[in-house]
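An overview of the molecular structure
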Amino acid sequence: MRTRTAVFRFAAVAGLACFGSLALAQAPGEPLTVKKIKDNIYFAEGGGGGSGIIIGDNGVIVVDAKTTPAAGKAVVDEVRKLTSKPITTVILTHSDADHVNGIVSFPKGLTIIAHENDKKEIEEAEAAGARGAPPKDYLPNKVVTQMRESMTIDGVKMTLIHIAPAHTSGDLAVYLPDEKVVFSGDLVGNGDPLIHMQKNGNSAGWIQFVSALVQLDADTYLRAHADPATKAEVEA
């Protein structure tokens, strides 16, 4: 047990060093690959962390917005290929640049949802003049403050989940109960967990958070930097 704990702690810290190269590996210039997950759900890989596309009754919800303006525009273009319905909502799973900086290419006037800690991290980056950070008119304008908040957006039922600081202080998972799909952001990868301690991430919180995701009635977990996973794979 002591050896496993030591390995876990090392992996969590080492994730800080490797995450930058992981993000860049899918960054600008890489074409998007769009996969159909369910009848109304698609996943756009490439150009940064994977982006979810959820087609609702009257509009489209996008989960995460890529790394650059060019990659963000590519997502918008892919949505237009799939449907004539407008993008109405963007949900951000956390504040890392490869999930938020492309939002400047999305239409203005959107509902932008994030956990309250995520909003704080993005605002701090914008105030500090961080390269590529979203400007004020693209900052989150609706925040999640509870561990679980259920809502219906464009006819799509969903629960937004924040159990504890994990990868960052403001991680948010998106659970679609009718479709049995979870957008897990960077909480679930294909190897050791990544803990951004400079963003107050926490390994104990990561265990609590991912354990809660495994308990959901879901069969597909959409991971930002890996292929979709089954419940059994996440559980392992």
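Scroll up a little and you will see the structure.
What counts and what doesn't
- Residues numbered from 1 in each chain as written.
- Predicted model: local features only at pLDDT ≥ 70, side-chain atom pairs only at ≥ 80, totals over all residues.
- Heavy atoms only, no water.
- Helix = DSSP H or I, 4+ residues; strand = E, 2+ residues; numbered from the N terminus.
- Buried < 20%, exposed > 50% of the residue type's maximum accessible area, 1.4 Å probe, protein only.
- Contact = heavy atoms within 4.5 Å.
- Areas by Shrake-Rupley, 256 points an atom, 1.4 Å probe, with all protein chains shown as cover.
- Pairing = 2+ DSSP bridges.
- Axes fitted to C-alpha atoms, helices over the stretch in contact; angles between N-to-C directions.
- Lys, Arg positive; Asp, Glu negative; His and termini not counted.
- Salt bridge = Lys/Arg side-chain N within 4 Å of Asp/Glu carboxyl O.
- Polar contact = N/O pair within 3.5 Å; in protein donor to acceptor, adjacent residues only side chain to side chain.
- 1 Å grid on protein atoms, 1.4 Å probe; cavity = no way out; pocket = protein on both sides within 12 Å on 5 of 7 lines; lining within 4 Å.
- Points joined across faces, edges and corners; volume = space filled by probe spheres on them.
- Nonpolar A, V, L, I, M, F, W, Y, C, P; charged D, E, K, R; others polar.

**Notes on the overall build of the protein**
Secondary structure summary: the protein contains six helices and twelve strands in total. Buried positions account for 53% of the 236 residues belonging to the protein. Taking the contacts inside the protein whose residues are at least 6 apart along the sequence as the reference set, 61% of them involve residues at least 24 apart. Accessible area of the protein: about 10,600 Å², with a carbon and sulfur share of 52%.

**Focus: the sheet that holds strand β1 (residues 33-38)**
The mixed open sheet is built from seven strands, whose spatial order is β1-β2-β3-β4-β5-β6-β7. Two strands bound the open sheet, and with one partner strand each, they are β1 and β7 (142-144). Strand-to-strand twist of the sheet, defined as the mean angle between neighbouring strand axes without regard to direction, takes the value 20°. Pairing between β1 and strand β2 (residues 41-45): five bridges, direction antiparallel. Across the sheet, the residue bridging to Lys35 is Phe43, located in β2. Along the sheet, helix α2 (residues 69-82) makes contact with β1, β2, β3 (51-55), β4 (60-63) and β5 (87-91), crossing β3 at roughly 30°.

**Side note on the environment of Pro193**
Here Pro193 lies in the loop between β11 (181-185) and α5 (203-214). Measuring from C-alpha to C-alpha, the distance between Pro193 and Ile207 comes to 9.5 Å, with 14 residues separating the pair along the chain.

**Quick notes on the side chain of Asp186**
Summarising the element assignment, Asp186 is placed in the loop between β11 and α5. The buried charged residue Asp186 lacks any salt bridge partner; its closest oppositely charged side chain belongs to Lys199, at an N-O distance of 8.5 Å. Reaching out from Asp186, the side chain makes a polar contact with the side chain of His94 at a distance of 3.1 Å. In this structure the side chain of Asp186 is engaged in a polar contact, spanning 3.3 Å, whose partner is the side chain of His99.

**Overview of empty space enclosed by the protein**
All told, the structure shown has one cavity of 30 Å³ or more when counted by the stated rule. As a volume, the largest cavity reaches approximately 40 Å³. Taken together, Phe43, Gly50, Val63, Asp64, Thr93, Phe183, Ser184, Gly185, Leu222, Arg223 and Ala224 make up the lining of the largest cavity. For the lining of the largest cavity, the elements supplying multiple residues, two or more each, are β11 and β12 (220-223). The element best represented in the lining of the largest cavity is β11, accounting for three residues. Residue composition of the lining of the largest cavity, by class: five nonpolar, four polar and two charged.

**So, the pattern of salt bridges**
Tallying each qualifying case throughout the model produces eleven salt bridges. The partner of Lys199 in a salt bridge is Asp96, with the nearest N and O atoms 2.7 Å apart. Taken together, the positions of Lys199 in the loop between β11 and α5 and Asp96 in the loop between β5 and α3 (97-100) put the pair 103 residues apart, joining distant regions of the chain. In this structure, Lys180 engages Asp217 in a salt bridge whose closest nitrogen and oxygen atoms are separated by 3.7 Å. Taken as a pair, Lys180 in the loop between β10 (173-176) and β11 and Asp217 in the loop between α5 and β12 lie far apart in primary sequence, 37 residues in all. For Lys180, a relative accessible area of 32% corresponds to the partly exposed category. The structure contains a network of salt bridges with shared partners spanning Lys35, Glu45 and Asp227.

Fair warning: the whole summary comes from geometry, so function is off the table for now.
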